[in-house]
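Chain by chain, the residues run as shown.
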Amino acid sequence: MDMDGLQTGAGRSQVRTRVILSHMSGVSPNRPQKTFYLETFGCQMNVHDSEKVIGTLVQEGYRQVETVEQADLILYNTCSIRDKAEQKVFHRLADFKKLQAQGKKFGVLGCVAQQEGHKIFERAPHVSLVCGSASYRNLPQMLVQIEAGKRSTGLDDRQTDECFETEFTARTNPYRGYITIIEGCDKFCAYCVVPFTRGKERSRTSDSVMAEARQLVDLGYSEIQLLGQNVNSYKDPAGKYSFAELLAAVGEVPGVKRVRFTTSHPRDFGRDIVEAIDAVPTLCDHVHLPVQSGSARVLDAMQRLYTREQYLERIAWMKSAKREISITTDIIVGFPGETEADFEQTLSLLEEVGYDGVFSFKYSPRPNTPALTLEDPIPDQEKARRLEVLMAKQREIQTAQNKKYAGKIAQVMVEGRNDARGQWIGRTSQNKTLNFTARGQVALKAGTYAEVAILSSFANSLLGEMVV
Ligand code: 5AD
Ligand code: SF4
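Scope of this entry: the structure provided in the associated data block. Along each chain, residue indices are assigned from 1 in the same order as the chain's sequence is written. Key to labels: chains lettered from A, ligands numbered from 1, both in the order written. Selection of residues for local features in this predicted model requires a pLDDT of at least 70, selection of side-chain atom pairs for listing and counting requires 80 or more, and totals for whole chains, interfaces and linings are taken over all residues. The side-chain numbers reported here are obtained from all heavy atoms of the structure, hydrogens and water having been left aside.

Re the sheet that holds strand β14 (residues 258–262)
And then number 1: Strand pairing follows a simple DSSP-based rule, namely that at least 2 bridges must link the two strands. Each helix corresponds to a stretch of at least 4 residues labelled H or I by DSSP, and each strand to a stretch of at least 2 residues labelled E; elements are numbered beginning at the N terminus. If you walk across this open sheet you meet the three strands as β10-β13-β14, and the pairing is parallel. Each end of this open sheet is capped by a strand with a single partner; those strands are β10 (176–180) and β14. Along the sheet, successive strands turn relative to each other by an average axial angle of 25 degrees, direction set aside.
And then number 2: Looking at chain direction, strand β13 (residues 223–227) and β14 are connected through five bridges and run parallel. Residue Gln225 lies in a different strand from β14, and its bridge partner there is Arg260.
And then number 3: Each of β10, β13 and β14 is contacted by helix α1 (residues 44–59), which is oriented at about 95 degrees to β10, the strand it contacts most.
And then number 4: Contacts are assigned to residue pairs that have any heavy atoms within 4.5 Å of one another. Every axis in this analysis is a line fitted to C-alpha atoms, fitted for helices over the stretch in contact. Angles between the N-to-C directions lie between 0 and 180 degrees. Where helix α7 (residues 206–218) meets the sheet, its contacts fall on β10 and β13, and the angle it forms with β10 comes to roughly 165 degrees.

Take a look at the structure:
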């Protein structure tokens, strides 16, 4: 999932500023402190990559600052999943170009860096560092080069078998610890730029994932989110665990209270994942399973590698689970050649599944992707219309879905407070936002848990009162 799309579902996690550095070893006291500013666009993978980049920079003697003006080095970790996301970085670079005169350096990281490569230097000559995510482990050497006044690129590692493993990770989310278990993507869906920007699929060993899970518990985290473009395509290089086994094992680490995972690909989504959720209480009752379209014809043109029926079979597994699993998805409207009848099929799928949340997007043509050459593009106005129809339908579905929670009691993890409303913000295991009041002067810490009686429901959230 990424953060520039339209959301009708449960809230997305936000980047917080508090930084907990795990395993920071001695930074040379004699080196003057250089400063950096980092802004992150895009999905949770990018958010977590940034945590590792921050850790690497701190280890190299840099200090993170909150504004562009305070920084010696200005970095953007970018997203190119849709054109709108891609344009954001070029706007930022244009806005701050004048700061180059003060000796500030600029770097572009992530998917736009990988996709545009050296062209970035032409479009924004004040940039001195361009580095794709598969090359982050070379950042220390690249920093030395740009400090010496040279340009540096990290663009040639997409075929690597290695993941970006580092013990220097800045933990910027106060209540959720991220662990990347698999990087890259080999699926090559016809619309998607990710296989070109993040490189080939490669998994971390289960031993290193388990070690990181234990380390997160030591740091005080009780919620862990396993990350990957397709987490359930995970293949343990050591051959020890399947994805479902790894999920269960992380859930059984003493001190872990909640485990989430995103994103799953329907083709590789096995029944064993549902069985693991049923068997291990710490695994959250939520699966994000992007469908993209409800039309068999469009799914085929998208090269999604499953049919509507196969997708619905996976939904049926989840619906027959002992626990009530909430299901969310991603949908693209206006893929080339999508007819009104195809679109109707997507609407009927929404009804049939009864999603708890949908992230919906207008198709955006991306460089290098096979869909670029497809005929019959859908005019933007029509894409916008379909998006609106879809969102209105999903809103009705969610409103109805959420009604069933009123009168129930749920455990939430406290994520923060909305002072203006006098409410605490909580998240249920099913990934629903549950805002609640608490009698008296209680001070709840982010990352702790509370029992909440649900009083009413809306399309995007629930409202309740803490049970004392
Ligand atoms: N246009 C629109 N949406 C896209 N996505 C991926 N590529 C594109 C594109 N070219 C959406 C998919 C994916 C989510 C992360 O972004 O729905 O699941
Ligand atoms: Fe893109 Fe498809 Fe890979 Fe997801 S599975 S990252 S949509 S190519």
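Anyway, onward from the coordinates.
Observations regarding the site of ligand 1
And then number 1: Consider each residue's heavy atoms; a residue with any of them within 4 Å of a molecule or strand counts as near. Ligand 1 sits among Ile81, Arg82, Tyr191, Gln292, Asp330, Ile332, Phe361, Lys362, Tyr363, Ser364 and Arg366.
And then number 2: One of the backbone N or O atoms of Tyr191 is found 3.0 Å from a nitrogen atom in ligand 1.
And then number 3: N or O atoms closer than or at 3.5 Å make up a polar contact, with two conditions inside protein: a donor-capable atom paired with an acceptor-capable one, and, for residues adjacent in sequence, both atoms drawn from side chains. Note that an oxygen atom of ligand 1 is positioned 2.6 Å from one of the side-chain N or O atoms of Asp330.
And then number 4: Contact with the protein chains removes 93% of the 400 Å² of surface that ligand 1 exposes when unbound.
And then number 5: Every element with two or more residues in the shell around ligand 1 is listed here: β16 (326–333) and β17 (357–362).
And then number 6: Throughout this entry, Asp, Glu, Lys and Arg are counted as charged residues, while Ala, Val, Leu, Ile, Met, Phe, Trp, Tyr, Cys and Pro are counted as nonpolar. The remaining residues, Gly among them, count as polar. In terms of residue class, the shell around ligand 1 is built from five nonpolar, two polar and four charged. Areas reported as accessible are Shrake-Rupley estimates using a 1.4 Å probe. Residue values count occlusion only from the protein chains shown.

Considerations on the environment of Gly107
And then number 1: One can find Gly107 in strand β6 (residues 105–109).
And then number 2: Buried residues are those whose accessible area, probed at 1.4 Å on protein chains only, stays under 20% of the maximum for their type, while exposed residues exceed 50% and partly exposed ones sit between those limits. Among the residues examined, Gly107 registers a relative accessible area of 0% and is labelled buried.
And then number 3: Expressed as a C-alpha distance, the spacing of Gly107 and Asp49, which sit 58 residues apart in the sequence, is 15 Å.
And then number 4: Excluding residues that lie within four positions of it along the chain, Gly107 makes contacts with Ile74, Leu75, Tyr76, Val127 and Leu129.

Overview of the side chain of Thr369
And then number 1: Within the element layout of this structure, Thr369 appears in the loop between β17 and α13 (380–403).
And then number 2: Using a relative accessible area of 3% as the deciding quantity, one classes Thr369 as buried.
And then number 3: Side-chain polar atoms of Thr369 contact the backbone oxygen of Arg366, separated by 2.7 Å.
And then number 4: The contact partners of Thr369, leaving out residues within four places of it in the chain, are Ala190, Tyr191, Cys192, Val193 and Phe196.

Digging into the pattern of salt bridges
And then number 1: Any Lys or Arg side-chain nitrogen located within 4 Å of an Asp or Glu carboxyl oxygen qualifies as a salt bridge. Applying the stated criterion to the full structure yields 34 salt bridges.
And then number 2: With a closest N to O distance of 2.7 Å, Asp207 and Lys240 form a salt bridge. Taken together, the positions of Asp207 in helix α7 and Lys240 in the loop between β13 and α8 (243–251) put the pair 33 residues apart, joining distant regions of the chain.
And then number 3: The class for Asp207 is partly exposed, based on a relative accessible area of 46%.
And then number 4: Judged by relative accessible area, Lys240 falls into the partly exposed class, the value being 47%.
And then number 5: Two residues, Arg386 and Glu338, come together in a salt bridge whose shortest N-O distance is 2.9 Å. Within this pair, whereas Arg386 is found in helix α13, its partner Glu338 is found in the loop between β16 and α12 (340–353), the two being separated by 48 residues in sequence. Here Arg386 matches Glu338 in class, with each residue buried.
And then number 6: It is possible to trace a salt-bridge network through shared partners that takes in Glu51, Glu165, Arg171, Arg204 and Glu212.

Remarks on the nonpolar core
And then number 1: Among buried residues, those of type Ala, Val, Leu, Ile, Met, Phe, Trp, Tyr and Cys that are joined through side-chain atoms within 4.5 Å constitute a nonpolar core. Membership of the largest hydrophobic core comes to 56 residues, with the highest contact counts inside it found for Ile181 and Leu226.
And then number 2: Ranked by residues supplied to this core, first place goes to α8 with seven residues.
And then number 3: Beyond its immediate stretch of four places on either side in the chain, Leu226 contacts Ile179, Ile181, Val231, Phe243, Leu247, Val250, Val259, Arg260, Phe261 and Thr262.

Here we look at the site of ligand 2
And then number 1: Near ligand 2, the surroundings consist of Cys185, Lys187, Phe188, Cys189, Tyr191, Cys192, Val194, Pro195, Gln229, Asn230, His265 and Arg304.
And then number 2: Residues that form the shell around ligand 2 fall into these classes: seven nonpolar, three polar and two charged.

Describing the sheet that holds strand β8 (residues 152–154)
And then number 1: Across the sheet, six strands lie side by side as β4-β3-β5-β6-β7-β8; this open sheet has parallel pairing. The open sheet has two free edges, formed respectively by β4 (62–64) and β8, since each of these has just one partner strand. If you compare each strand with its neighbour and ignore which way they point, the axes differ by 25 degrees on average.
And then number 2: Taken together, the four bridges between β6 and strand β7 (residues 127–131) define a ladder with parallel strand orientation. Bridge pairing in β7 places Leu109 opposite Cys131.
And then number 3: Sitting on the sheet, helix α2 (residues 83–96) touches β3 (34–40), β5 (73–78), β6 and β7, and the angle it makes with β5 is about 165 degrees.
And then number 4: The sheet strands contacting helix α5 (residues 139–147) are β3, β4, β5, β6, β7 and β8, and the helix crosses β7 at an angle near 165 degrees.

A word on the pairing of strand β18 (residues 409–418)
Working note: regular strand, side chains alternate between the two faces of the sheet.
And then number 1: Relative to strand β21 (residues 449–457), β18 runs antiparallel, the two being bridged by five bridges. Paired with Ile409 across the bridge in β21 is Ala453.
And then number 2: Looking at chain direction, β18 and strand β19 (residues 423–428) are connected through six bridges and run antiparallel. Bridge pairing links Asn418 to Gln423 in β19.
And then number 3: Hairpin connection of β18 to β19: four residues between the antiparallel strands, including Gly422 at a positive phi of 65 degrees.

Looking at α1
And then number 1: In a regular helix each residue adds 1.5 Å, so 16 residues correspond to 22 Å; α1 covers 23 Å between its end C-alpha atoms and thus fits that length.
And then number 2: Extensive coverage of α1 is indicated by the burial of 16 of its 16 residues.
And then number 3: The positive-phi residue at the C-terminal boundary of α1 is Gly61, with phi of around 95 degrees. Each helix should span, by expectation, one fewer than its residue count multiplied by 1.5 Å.

Looking at the state of the cysteines
And then number 1: Two cysteine sulfur atoms form a disulfide, by the criterion used here, when they sit within 2.5 Å. Here the structure, examined in full by the defined rule, presents zero disulfides.
And then number 2: With no disulfide of its own, Cys111 has Cys79 as its nearest cysteine by sulfur position, at a separation of 6.2 Å.
And then number 3: Its relative accessible area of 9% is what places Cys111 among the buried residues.

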